[in-house]
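# Descriptive analysis of the structure
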Amino acid sequence: IVNRKAGTIHLTDWEKPLWGDPSQDLSHFRVPTTTLWKTDYRMTEDDKAAMMTIYKEAVRDPHLQDTIEERTHLRDPFNCLRGVSWCAMAWVQYHTGEHVLKNEDTLRKLSMYVDVNFVRSLFDPLIR
């Protein structure tokens, strides 16, 4: 939503609109389970760092600037787990006939997301 008078732009999440911590959305935006869904793009660590730098520069709250990166990093494994869990459920539905509408590109992504090597690629870098 663009407010030309105030010079602001606002994003409304119509799927699940709620007020919450921005680290949740930042994490969803940068984890591979989101970026790879309809593309072949996976953010590098440099991409993530650049995104966080730009975000922190735009934030006025000093506490948020100081804590947003760590809070986002803490959410990453949970958002990856959510994505993999949802894909596992959908993969089962595709293979048992429970999913009426089928798309070959979606099935390929679902199969990729439940592959053990892909799952390891998500979680191994998060273990410090």
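The following paragraphs examine the structure supplied in this document.

The rules behind the values
- Residues numbered from 1 in each chain as written.
- Predicted model: local features only at pLDDT ≥ 70, side-chain atom pairs only at ≥ 80, totals over all residues.
- Heavy atoms only, no water.
- Helix = DSSP H or I, 4+ residues; strand = E, 2+ residues; numbered from the N terminus.
- Contact = heavy atoms within 4.5 Å.
- Areas by Shrake-Rupley, 256 points an atom, 1.4 Å probe, with all protein chains shown as cover.
- Phe/Tyr/Trp six-rings, centres within 6.5 Å; stacked < 30°, edge-to-face > 60°.
- 1 Å grid on protein atoms, 1.4 Å probe; cavity = no way out; pocket = protein on both sides within 12 Å on 5 of 7 lines; lining within 4 Å.
- Points joined across faces, edges and corners; volume = space filled by probe spheres on them.
- Nonpolar A, V, L, I, M, F, W, Y, C, P; charged D, E, K, R; others polar.
- Salt bridge = Lys/Arg side-chain N within 4 Å of Asp/Glu carboxyl O.
- Buried < 20%, exposed > 50% of the residue type's maximum accessible area, 1.4 Å probe, protein only.
- Core = buried A, V, L, I, M, F, W, Y, C linked by side-chain atoms within 4.5 Å.

### With respect to the overall build of the protein chain
The helix and strand inventory of the protein chain stands at six helices and two strands. Ordered by position in the sequence, the α and β elements of the protein chain form the string β-β-α-α-α-α-α-α. The long-range share in the protein chain, meaning contacts at least 24 apart out of those at least 6 apart in sequence, stands at 61%. Put simply, the protein chain shows about 9500 Å² of open surface, and 59% of that area lies on carbon and sulfur atoms.

### Concerning the packing of aromatic side chains
The tally for this structure, following the rule as stated, stands at three aromatic pairs. Ring geometry for W37 against W86: centres 5.9 Å apart, planes inclined by 80 degrees, an arrangement best described as edge-to-face. Taken as a pair, W37 in the loop between α2 (32-35) and α3 (45-58) and W86 in helix α4 (residues 62-96) lie far apart in primary sequence, 49 residues in all. With a centroid separation of 5.7 Å and an interplanar angle of 70 degrees, the aromatic rings of W37 and Y113 are classed as edge-to-face.

### Considerations on the layout of surface pockets
A probe matching the size of a water molecule, rolled over the atoms, marks out where space remains unfilled. The calculated volume of the largest pocket comes to roughly 1800 Å³. Forming the boundary of the largest pocket are 34 residues, of which L11, D13, Q24, D25 and L26 lie nearest the centre. Counting residues per element, the ones that place at least two in the lining of the largest pocket are α1 (22-30), α2, α3 and α4. The biggest single contributor to the lining of the largest pocket is α4, with seven residues. Classifying every residue of the lining of the largest pocket by side-chain character gives 17 nonpolar, nine polar and eight charged.

### Observations concerning the pattern of salt bridges
Under the counting rule described, the total for this entry stands at six salt bridges. Note that R30 and D76 form a salt bridge whose closest N and O atoms lie 2.7 Å from each other. Of this pair, R30 sits in helix α1 while D76 sits in helix α4, and the two are 46 residues apart along the sequence. With respect to burial, R30 and D76 carry one shared label: buried. Across the pair D105 and R108 runs a salt bridge, and its minimum N-O distance is 2.3 Å. Here the residue D105 and the residue R108 both occupy positions in helix α5 (residues 104-113), the gap between them amounting to three residues, near one helical turn. A relative accessible area of 46% means that D105 is categorised as partly exposed. The class for R108 is exposed, based on a relative accessible area of 52%.

### Notes on the nonpolar core
By size, the foremost hydrophobic cluster in this structure holds 12 residues: V31, L36, C80, V84, C87, A90, Y94, L107, L110, Y113, F118 and L122. Broken down by secondary-structure element, the contributors of at least two residues to this core are α4, α5 and α6 (116-123). The greatest single-element share of this core, amounting to five residues, is contributed by α4. With residues up to four places along the chain from it excluded, the contact list for V84 reads T33, Y113, V119 and L122. Within the second largest apolar cluster, seven residues are counted, among which are L26, M43, M51 and I68.

None of the figures reported here should be taken as evidence of function without further support.
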